[in-house]
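Structural features, examined
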Amino acid sequence: MSDIPLGVLDLIPISSGSTAADALRNSIDLARQTERLGYARYWFAEHHLNPGVAGTSPAVALALTAAATSTIRLGSGAVQLGHRTALSTVEEFGLIDALHPGRLDLGLGRSGGRPPGEKATTATATPVVDGRAPNGLLIPPRFSFEHLLGSPRIALQRKLLLLPGAESQDYAEQIDDILALLAGTYRSPEGIEAHAVPGEGADVEVWILGSSGGRSAEAAGARGLRFAANYHVSPASVLEAVDGYRSGFHPSEFLDKPYVSVSADVVVAEDDATARELAAGYGPWVRSIRTAEGAIEYPTPEEARARAWSDEDRALVQDRVDTQFVGSAGRVADQLEQLQEATGADELLITTITHDHADRVRSYELLAREWSRR
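Residues numbered from 1 in each chain as written. Predicted model: local features only at pLDDT ≥ 70, side-chain atom pairs only at ≥ 80, totals over all residues. Heavy atoms only, no water.

The protein goes by LLM class flavin-dependent oxidoreductase in an unreviewed UniProt entry, where it is assigned to Streptomyces sp. NBC_00180.

1. Re the overall build of the protein
Convention followed: What counts as a helix is a DSSP run of H or I of at least four residues, what counts as a strand is a run of E of at least two, and both are numbered from the N terminus. C-alpha atoms define the radius of gyration in this analysis, and the globule rule sets the expected value at 2.2 Å times the number of residues to the power 0.38. Categorising residues by exposure relies on relative accessible area from a 1.4 Å probe, with only protein chains included: less than 20% of the type maximum marks a residue as buried, more than 50% marks it as exposed, and the intermediate range marks it as partly exposed. In this description, contact between two residues means that some pair of their heavy atoms is separated by no more than 4.5 Å. Lys and Arg are tallied as positive, Asp and Glu as negative. Neither His nor the chain termini are counted. Where a charge sits is defined by one atom per residue type, namely NZ (Lys), CZ (Arg), CG (Asp) or CD (Glu).
From N to C terminus, the protein includes 14 helices and 10 strands. Scaling as 2.2 N^0.38, a compact globule of 374 residues should have a C-alpha radius of gyration of about 21 Å, and the protein matches this with 20 Å. The principal-axis extent of the C-alpha atoms belonging to the protein is close to 65 × 45 × 40 Å. Out of the 374 residues in the protein, the part that is buried amounts to 53%. Excluding contacts between residues fewer than 6 apart, the proportion of contacts in the protein whose partners are at least 24 apart in sequence is 75%. Both charge centroids of the protein, one from 34 positive and one from 51 negative side chains, sit 2 Å from each other.

2. A look at the pairing of strand β8 (residues 260-269)
Put simply, the test is: If DSSP finds at least two bridges between two strands, the strands pair.
Counting buried positions along β8 gives 10 out of 10 residues, so the element sits mostly inside the fold. Judged by which residues are buried, β8 turns out to be covered on both faces: Val-260, Val-262, Ala-264, Val-266 and Val-268 on one side and Ser-261, Ser-263, Asp-265, Val-267 and Ala-269 on the other are all buried. Where strand β7 (residues 226-230) lies against β8, four bridges are found, and the strand directions are parallel. By the bridge assignment, Ala-228 is partnered in β8 with Ser-261. Pairing between β8 and strand β10 (residues 347-351): five bridges, direction parallel. In the sheet register, Ala-264 faces β10, and the bridge partner there is Ile-350. Judged from the four bridges that link them, β8 and strand β9 (residues 325-328) form a sheet pairing that is parallel.

3. Some points on the pattern of salt bridges
Selection rule: By salt bridge we mean one thing: a side-chain nitrogen of Lys or Arg within 4 Å of a carboxyl oxygen of Asp or Glu.
Under the definition given, this model contains 28 salt bridges. With its nearest N and O atoms 2.7 Å apart, the salt bridge here joins Arg-360 to Asp-10. Placement of Arg-360 in helix α14 (residues 357-372) and of Asp-10 in strand β1 (residues 6-10) is noted, with a sequence separation of 350 residues between them. By relative accessible area, which is 5% here, Arg-360 ends up buried. Classification of Asp-10 as buried rests on a relative accessible area of 0%. Among the ionic pairs, Arg-25 bridges to Asp-22, the shortest N-O distance being 3.3 Å. With Arg-25 and Asp-22 both in helix α1 (residues 20-37) and three residues apart, the pair spans about one turn of that helix.

4. Re unusual backbone geometry
Residue Ala-78 follows Gly-77 across a cis peptide bond; omega there is 15 degrees. Across the junction of Val-197 and Pro-198, the peptide omega takes the value -5 degrees, indicating a cis bond. By secondary structure assignment, the location of Pro-198 is in the loop between α6 (171-183) and β6 (204-210). Here the phi dihedral of Ile-12 falls at roughly 55 degrees; this positive angle occurs in a residue that is not glycine. Among the secondary structure elements, Ile-12 is positioned in the loop between β1 and α1. The backbone of Leu-49 shows a phi angle near 55 degrees, a positive value even though the residue is not glycine. Following the sequence through the fold, Leu-49 ends up in the loop between β2 (41-44) and α2 (58-66).

5. Structural notes on the pairing of β1
In regular strands, side chains alternate between the two faces of the sheet. With respect to burial, β1 is a largely interior element, five of its five residues being buried. Every second residue of β1 is oriented toward a common face, with Leu-6, Val-8 and Asp-10 on one face and Gly-7 and Leu-9 on the other, all of them buried. Strand direction decides the pairing type here: β1 and β10, joined by three bridges, are parallel. Paired with Leu-6 across the two strands is Leu-348, which belongs to β10. In terms of strand pairing, β1 meets β2 through three bridges, oriented parallel. Residue pairing in the sheet places Val-8 in a bridge with Tyr-42 of β2.

6. Observations concerning the packing of aromatic side chains
For any two aromatic rings, the description comes down to two numbers: the centre-to-centre distance and the angle of the planes. So the rule is basically this: By convention, a stacked pair of Phe, Tyr or Trp rings (six-membered ring in the case of Trp) has centres within 6.5 Å and planes under 30 degrees apart, an edge-to-face pair has planes over 60 apart, and any other such pair is tilted. Charge-over-ring placement is defined geometrically: NZ (Lys) or CZ (Arg) within 6 Å of the ring centre, and within 35 degrees of the ring normal.
Summed over all chains, the structure comprises nine aromatic pairs. Summarising the aromatic geometry, the rings of Tyr-39 and Tyr-364 are spaced 5.5 Å apart at their centres and angled 85 degrees between planes, so their arrangement reads as edge-to-face. With Tyr-39 in the loop between α1 and β2 and Tyr-364 in helix α14, this residue pair connects regions lying 325 residues apart in the sequence. Summarising the aromatic geometry, the rings of Trp-43 and Trp-207 are spaced 5.2 Å apart at their centres and angled 80 degrees between planes, so their arrangement reads as edge-to-face. Of this pair, Trp-43 sits in strand β2 while Trp-207 sits in strand β6, and the two are 164 residues apart along the sequence. Neither residue differs from the other here; Trp-43 and Trp-207 are each classed as buried. Taken together, Trp-43, Trp-207 and Tyr-259 form an aromatic cluster joined through their ring pairs. Against the face of Phe-143 rests Arg-290, its NZ or CZ located 3.7 Å from the ring centre.

Written out as structure tokens, the structure is:
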């Protein structure tokens, strides 16, 4: 398994009792530590209006982290294009690439949820029987996000992120504009050239992130781009996502065959019991996201146990809790091998949140050590 690279996905989580500044300093330190441990990539996610998540701007976080590291690839997982333009995205990453050339991954994602009227793709070439892939990987029932799409909080986020009267560009067209601006081939419908400086010619890898076999997977496959599927966010549709991408893949100047990364939520400790204790805050944290409350500050195990839980609460987070890989390094590495086998992933992207920074660093350290032995 050591030939399957491991990367890091970081939301810049804020633990209870700490600040956004603490969280950012911890993330920069974690990037340094995981670079030392041999992780291949360090990606920052983008989230907004969350009391417990400081990762609002991947480009800013990447610029700060690039100055503190030297070899690990850095990227966005993902820039949310629903409230950005192609030009602003290329210019931001072009600025960072100007000082740190050849280290950036430009991960692109959609934002604001699935547009009204667009249906999720359910077809998959990989059979799922009794909630399991052929090799036993857990594929839980599909979680419905419809209640979130109608949430006043989600509507407010969209209002605050978009200029008055603005409409998001078609996602596939926006990807094409980004690729053209990077390549220096952009032309308007009227034939006018545009050249992004900095940005044009930037040595970045473009990735598409997706949770289903729908538009993101289709866009990545049709353009021959790298694709990252989210087992940690949407475990029910991970097989659909990678199958959809591969089935629609066309060789390109970027790739001659499909290339897939798959994410997993992980907590590793010296033994299973300690890992379960460190992961106790995960359920309440996921609940806060799925109720549209906004991610809470990540609780201590004691704070997590003190929270009252209803059957409805448990049902809300069951798929995420059941598919979090928690335990000793050996146990978690076995589960990651199973995920890799089921999805055929070329890389795995590890996201770990614990209340204490030292425990988070230790989790990545123990996993890297075990992975290198396999």
